[in-house]
Amino acid sequence: MMYTNLLLEVQEGIAVLTINRPKALNALNAQTLQEIHQFFTKDGLAIKDLKGVIVTGAGEKSFVAGADISEFLKLEKGKGKAFAMKGHDIFFAIERFPKPVIAAVNGYALGGGCELAMACHIRVAGEKARFGQPEVNLGILPGYGGTQRLIQLIGKGKAIEMMLTADMIGAEEALRLGLVTHVIPLGQEVAKAKEILQKIATKGPVAVTKVIEAVNAYFNYLADGYNAEADGFSDCTETTDFKEGAAAFLEKRKANFKGE
Ligand code: DAK
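What counts, and where the lines are drawn
Residues numbered from 1 in each chain as written. Predicted model: local features only at pLDDT ≥ 70, side-chain atom pairs only at ≥ 80, totals over all residues. Heavy atoms only, no water. Salt bridge = Lys/Arg side-chain N within 4 Å of Asp/Glu carboxyl O. Helix = DSSP H or I, 4+ residues; strand = E, 2+ residues; numbered from the N terminus. Expected span 1.5 Å × (residues − 1). Buried < 20%, exposed > 50% of the residue type's maximum accessible area, 1.4 Å probe, protein only. Contact = heavy atoms within 4.5 Å. Pairing = 2+ DSSP bridges. Axes fitted to C-alpha atoms, helices over the stretch in contact; angles between N-to-C directions.

(A) Local environment of the pattern of salt bridges. Applying the stated rule across the entire model yields 12 salt bridges. Taking the shortest distance from any N to any O, the salt bridge between K210 and E213 comes out at 3.3 Å. Here E213 and K210 lie together in helix α8 (residues 205-218), a separation of 3 residues that amounts to about one turn. When salt bridges that share partners are traced, they join K158, E161, E173 and R176 into one network.

See below:
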């Protein structure tokens, strides 16, 4: 796990992944994207007893200020579609990660930064966080799934306005719209995300993964979300955790889940 642009800290089963390019407001260059992909497809999956992942940005000013604009001009003609599909794969890996992933948004979450936060399962924001999809300012559109996920999270009306006007919104409005679920004092974002992950860690691990899968299936028009939910339920009923959970409730005690 050698990274140039990410910091990884694992404590008590919680991985904190910090995008670490503060001089460029943590903009996502190719190297950073490759490292994020490596974490969510390989390194993160290998962490023993992982409860979940928190994604945040280095410094106080920015979560991620977007894709790295300085690399845009390097994109060769005719390679746009392949580039876009590769980007989708990276963000799908986050969305499909089997453990909960929380974005702790500490500042600007613009363009690819807002898309990164949206690919996470849950978003908490510091009170100075700012969200926006300003790609049209550059003559492009959000390319890491933002056109889809923003609609999923806040509805078509406001999503299309944000994407067409490039207007930014603050943390309180993001909360009102459902883009984030908590607004917390600056500097407390990671602590809040940890608190949420600790709570989720007391639940049945198989069930937690199956919820993520079923929720993702709802938005995959090639799959049948209800079917995925039924399959997930069936898989959970095969676990000993399922029996333990029911028994603990009836015995008025805390469940002792083993992830089996
Ligand atoms: N890329 C590269 N460098 C960036 C950057 C970015 N997105 N954002 C900021 N920086 C750099 C600045 O250039 C500056 O560098 P130096 O001049 O110091 O070398 C440094 O970070 C500090 O920024 P500022 O001096 O501008 O700081 P301010 O406080 O004045 O302004 C700001 C903060 C966040 C309002 C401003 O930096 C800004 O507007 N940044 C750009 C925001 C933006 O437009 N983001 C969207 C980028 S487009 C796709 C996938 C994804 C995408 C598209 C396609 N495919 C897979 C097909 C997504 C595109 C985007 O995200």
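(B) Main features of helix α2 (residues 80-95). Over its 16 residues, α2 extends 23 Å from the first C-alpha to the last, a length consistent with the 22 Å expected when each residue adds 1.5 Å. Residues G87, I90, F91, A93, I94 and E95 constitute the buried set of α2. Of the surrounding elements, those touching the buried residues of α2 are α1 (30-43), β5 (101-105), α3 (112-119), α4 (146-154) and α8.

(C) Highlighting the sheet that holds strand β10 (residues 182-184). With mixed pairing, 6 strands are arranged side by side in an open sheet as β1-β2-β3-β5-β7-β10. Taken across any chain shown, the strands that pair with only one partner, and hence form the sheet edges, are β1 (6-11) and β10. For this sheet, the mean angle separating the axes of adjacent strands, direction not counted, is 20 degrees. Summarising the sheet, strand β3 (residues 52-57) and β5 pair through 3 bridges and their orientation is parallel. Residue pairing across strands places V55 opposite A103, the latter belonging to β5. Here α1 sits on the sheet in contact with β1, β2 (14-19), β3 and β5, set at roughly 170 degrees to β2. Contacts from helix α7 (residues 189-200) reach β1, β2, β3, β5, β7 (122-126) and β10, with the element oriented near 150 degrees to β7.

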